[in-house]
Every structure is written in C-alpha cells, then in structure tokens.
Amino acid sequence: MDRIDEKILQTLSVNGRISNLDLADRVGLSPSACLRRVQELERNGTITGYRAVLNPEATGVGFVAYVTVGLSEHSKAAQEGFERAMAPLPEVRECHNITGAVEYLLRVESRDLASYKRFHTEQLGVLPQVRQITTHVVMGSPKDERA
C-alpha cells in the first residue's frame, strides 16, 4: 500500500459513493488506473464493503446505548453461545469481544427506553451465559466516524 492507496481509502471512507472520475481526479490518477487500484483494494480485502449511513430519527431509533456484558463462565462454549444469540437480534448493531472486567461491548439501538427495557429483560437478561449487564446511554455523539 502506498500514499495513493491511502488517499483512495481516506476519500472513500468519507464518501463511498464518489464517482471513479471524481476519485481519480482527487488522488491524481487516470480513471482507469484509479479503478484498477480500487478493484485491487477490494480484491485483497482492504475494502470489505460499502454501506449507507442512516439517520436514526428517520428509521425510528430514538435510544442508543453501549452495553457491557460479563459472562457467567470464561469458556469458548459460553462465548460462542452468546455470540450466536446476538447475531439475529436487530437491536444489537455491534458486538465486540473485549478485554478487561467484562467480555463484550454491544452497541444497541431501539425505538425508545421502553423498547430497550424489553430487549434488556426479555432477550439479553434471560441468556444463561450472561452474568452482568451494564448500560451506558448515549446522550449525544459529537463525533461518530462509523460508516
């Protein structure tokens, strides 16, 4: 990876819908050379996908929280069971296995506090792997570069 690839990645991370012509102009390449580089970055797994950034209010999300989860036992089976349980839950937008006092950090989005409470008590709280749940409510996001 060279300086031009880095510039391509930085530009695409800000605007994944930029045309190849505009991208080529911004990074100082011909359109065909730029397209070849982008395709190689996709092929080698540096670029793993493109996605839309959604407006939470427009999609009915009024409550966002980061939730730490401690497991009842420190085993591969407990981790795999917990991860399988998280995969289909639409409220769980991110699930990270982390180090420290707890095993997981979740980003949870729901319509409102009442729907989060239902998720907390009826889905997360009933899992046999779960020992501890701590909720950190997002009050604002002055910087958010997830895309």
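Remember, predicted model here, so these are calculated numbers, not experimental data. (Residues numbered from 1 in each chain as written. Predicted model: local features only at pLDDT ≥ 70, side-chain atom pairs only at ≥ 80, totals over all residues. Heavy atoms only, no water.)

**Q** Even after reading the chapter, I still don't get the side chain of R107, so can you show me in this structure?
**A** Mapped onto the secondary structure, R107 falls in strand β3 (residues 104-110). R107 gets classed as buried once you look at its relative accessible area, which sits at 6%. A polar side-chain atom of R107 sits 2.7 Å from a polar atom in the side chain of Y66. Apart from the residues within four sequence positions on either side, R107 is in contact with V64, A65, Y66, E91, V92, R93, E94, D144 and R146. (Helix = DSSP H or I, 4+ residues; strand = E, 2+ residues; numbered from the N terminus. Buried < 20%, exposed > 50% of the residue type's maximum accessible area, 1.4 Å probe, protein only. Polar contact = N/O pair within 3.5 Å; in protein donor to acceptor, adjacent residues only side chain to side chain. Contact = heavy atoms within 4.5 Å.)

**Q** Mind showing me how you'd approach the environment of L71 here?
**A** Among the structural elements, L71 can be located in strand β1 (residues 63-71). For L71, a relative accessible area of 1% corresponds to the buried category. Sequence spacing of L71 and Y104 is 33 residues, and the spatial spacing of their C-alpha atoms is 8.3 Å. Each residue touching L71, except ones within four places of it in the same chain, is listed here: A78, Q79, F82, E103, Y104, Q129 and R131.

**Q** Help me understand the pattern of salt bridges, please; the structure alone is not making it clear to me.
**A** It is possible for side chains bearing opposite charge to pair when their charged atoms get close. All told, the structure shown has 10 salt bridges when counted by the stated rule. With its nearest N and O atoms 3.6 Å apart, the salt bridge here joins E109 to R93. Taken together, the positions of E109 in strand β3 and R93 in strand β2 (residues 92-97) put the pair 16 residues apart, joining distant regions of the chain. R146 is the salt-bridge partner of D144, the closest N and O atoms lying 2.5 Å from each other. (Salt bridge = Lys/Arg side-chain N within 4 Å of Asp/Glu carboxyl O.)

**Q** I tried to follow the packing of aromatic side chains on my own but got confused; where do I start?
**A** The description of an aromatic ring pair rests on the distance of the ring centres and on the angle between the ring planes. Scanning the entire structure with this criterion turns up 3 aromatic pairs. Taken together, a centroid distance of 6.1 Å and an interplanar angle of 40 degrees make the contact between Y116 and F119 tilted. Taken together, the residues span about one helical turn, with Y116 and F119 both in helix α5 (residues 113-124) at a distance of 3 residues. For Y116, a relative accessible area of 5% gives the class buried. Ring-pair connections join several aromatic residues into one group, and the members of that group are F63, Y116 and F119. (Phe/Tyr/Trp six-rings, centres within 6.5 Å; stacked < 30°, edge-to-face > 60°.)

**Q** Even after reading the chapter, I still don't get the environment of L21, so can you show me in this structure?
**A** Along the chain, the position of L21 falls in helix α2 (residues 20-27). In sequence terms L21 and P31 are 10 residues apart; their C-alpha atoms lie 5.5 Å from each other.

**Q** How do you make sense of helix α4 (residues 76-86) when you look at a structure like this?
**A** Along an α-helix, a turn takes 3.6 residues, which lines up residues three or four apart on a common side. For α4, every residue scored as buried is listed here: A78, G81, F82 and M86. Buried residues in α4, looked at end-on, bunch into an arc of 135 degrees, giving them a common side. Of the exposed residues in α4, the ones pointing more than 90 degrees away from its buried face are K76, A77 and R84. Against the buried residues of α4 lie β1, β2, β3, α5 and β4 (130-137). (Arc of directions from axis to C-beta.)

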